[in-house]
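The residues making up each chain are set out below.
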Amino acid sequence: MTLSNRRCDHSTRAQTSLPALGIALVLLTVVTGLGVAMADTAIASADRTPDERRVAAAVADRLVAADGPLAARSNVLNQSRVDDFDQSALEGSAPPAGEYAVSVEVADEEIARSGTVHGGTRISRLVVVESQEQRTLTPDLATTDAVTLPRRSAQATVTIDPPAGTTVWTVRANDRVVLHNRSGLDGSYEVPLVPYETTELRFQRAGQLEPGNVTVSYDAPRSTKETLVVTVDA
């Protein structure tokens, strides 16, 4: 091969390599750009996550605190307060909810939200949700003079309707006198109870009482274990 032919061959190969080199440079630029973008996203996410976690934990702790807007006592939520909770209550009781998008769920149901939550950081707390249901007892006071109420009842309504010739003058709750009228009790009365103890209501009377002459209505607590979830999306 002559010198002229060798030069021509080198020139042809050089020209052929130029497009390939250009493509390689373009691909390198694209890959580099994607890598930088992914790194920026990861850094932004890393910067954001600790802040989200801090806010979510603070809101969750506030909601389950004994003096929180939902709690009957520490980690025990009042069902009525849960039902009434909304965005205004959330922002009023947990100020960070006014600056961040915050969602609150109880038992997998969202009860309040501020802002739009797309993803974010979730913090969970195990809680007990306590509700009240009214029950009424009609004790057979023909065979006994007492009726027992369960613990955690804070108040009872006692209705006394004695028959002719019978007088009920005192009602005791355990060792406390809660109702007394020497002339006789007749009507409905609100009786405070100690919720941390079983209460025995004892009726002091003269004469006979039949079923229906006395009824006792009280709020019985019902408790379920649930999960409270706070999500914060910064």
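Residues numbered from 1 in each chain as written. Predicted model: local features only at pLDDT ≥ 70, side-chain atom pairs only at ≥ 80, totals over all residues. Heavy atoms only, no water.

Student: Got a minute to help me understand the sheet that holds strand β8 (residues 167-173) in this structure?
Tutor: Strands pair in a sheet through their backbones, by hydrogen bonds, and they do so in one of two ways: parallel or antiparallel. Strand order in the open sheet formed by four strands is β6-β11-β8-β9, and the pairing between neighbours is antiparallel. Edge strands, defined here as strands with exactly one partner in the open sheet, are β6 (146-149) and β9 (176-180). Pairwise comparison of adjacent strand axes, ignoring direction, gives a mean angle of 25° for this sheet. By the bridge criterion, four bridges tie β8 to β9 in an arrangement that is antiparallel. (Pairing = 2+ DSSP bridges. Helix = DSSP H or I, 4+ residues; strand = E, 2+ residues; numbered from the N terminus. Axes fitted to C-alpha atoms, helices over the stretch in contact; angles between N-to-C directions.)

Student: Honestly, the packing of aromatic side chains in this entry has me stumped. Any pointers?
Tutor: Aromatic rings considered in pairs are described by the distance between their centres and by the relative angle of their planes. Following the criterion strictly, the structure yields zero aromatic pairs and no others. Geometry around W169 places R182 over its ring, the cationic atom sitting 4.5 Å from the centre. (Phe/Tyr/Trp six-rings, centres within 6.5 Å; stacked < 30°, edge-to-face > 60°. Lys NZ or Arg CZ within 6 Å of the ring centre and 35° of its normal.)

Student: Whenever I open this one, unusual backbone geometry confuses me. Can you help?
Tutor: Excluding glycine, residues mostly carry a negative phi; peptide bonds, for their part, are mostly trans. Positive phi, normally seen in glycine, also occurs at N75, with a value near 65°. Given the relative accessible area of 34%, N75 is considered partly exposed. For A107, which is not glycine, the phi torsion reads 55° and is therefore positive. As for its position among the elements, A107 is in the loop between β3 (101-106) and β4 (109-114). By relative accessible area, which is 36% here, A107 ends up partly exposed. (Buried < 20%, exposed > 50% of the residue type's maximum accessible area, 1.4 Å probe, protein only.)

Student: Looking at this structure, how should I read the pattern of salt bridges?
Tutor: Close approach of charged atoms allows side chains of opposite charge to pair. Using the criterion set out here, one finds eight salt bridges in the structure. Residue E110 pairs with R113 through a salt bridge whose shortest N-O separation is 2.9 Å. Here E200 and R202 are joined by a salt bridge, their closest N and O atoms 2.8 Å apart. Overlapping salt bridges bring together D145, E200 and R202 as one network. (Salt bridge = Lys/Arg side-chain N within 4 Å of Asp/Glu carboxyl O.)

Student: Please clarify how the environment of V171 should be interpreted in this entry.
Tutor: Within the element layout of this structure, V171 appears in strand β8. Each C-alpha atom of the pair V171 and R205 lies 9.0 Å from the other, and the pair is 34 residues apart in sequence. Setting aside residues up to four positions removed in sequence, V171 forms contacts with I160, R176, V177, V178, L179, L185, L201, R202 and F203. (Contact = heavy atoms within 4.5 Å.)

Student: Can you help me understand the confidence of the model for the protein chain in this one?
Tutor: In this model, the protein chain carries an average pLDDT of 84, and 79% of its residues clear a pLDDT of 70 or more. Confidence over residues 33-47 falls short of pLDDT 50; this stretch has zero contacts with residues more than four positions distant or in other chains. (pLDDT = per-residue confidence, 0-100.)

Student: Looking at this model, I keep getting lost on the nonpolar core. Mind explaining?
Tutor: Here is a general trend for soluble globular proteins: nonpolar side chains tend to be buried in one another's company. Counting residues in each nonpolar core, the largest one holds 25 residues, and the members touching the most others are L90, V102, L228 and V230. Where this core is concerned, the elements lending two or more residues are α1 (3-64), β3, β4, β5 (121-137) and β12 (214-233). At six residues, α1 tops the list of elements feeding residues into this core. The residues contacting V230, other than those within four sequence positions of it, are A56, V59, A60, L63, V102, S103, V104, T121, R122 and I123. (Core = buried A, V, L, I, M, F, W, Y, C linked by side-chain atoms within 4.5 Å.)

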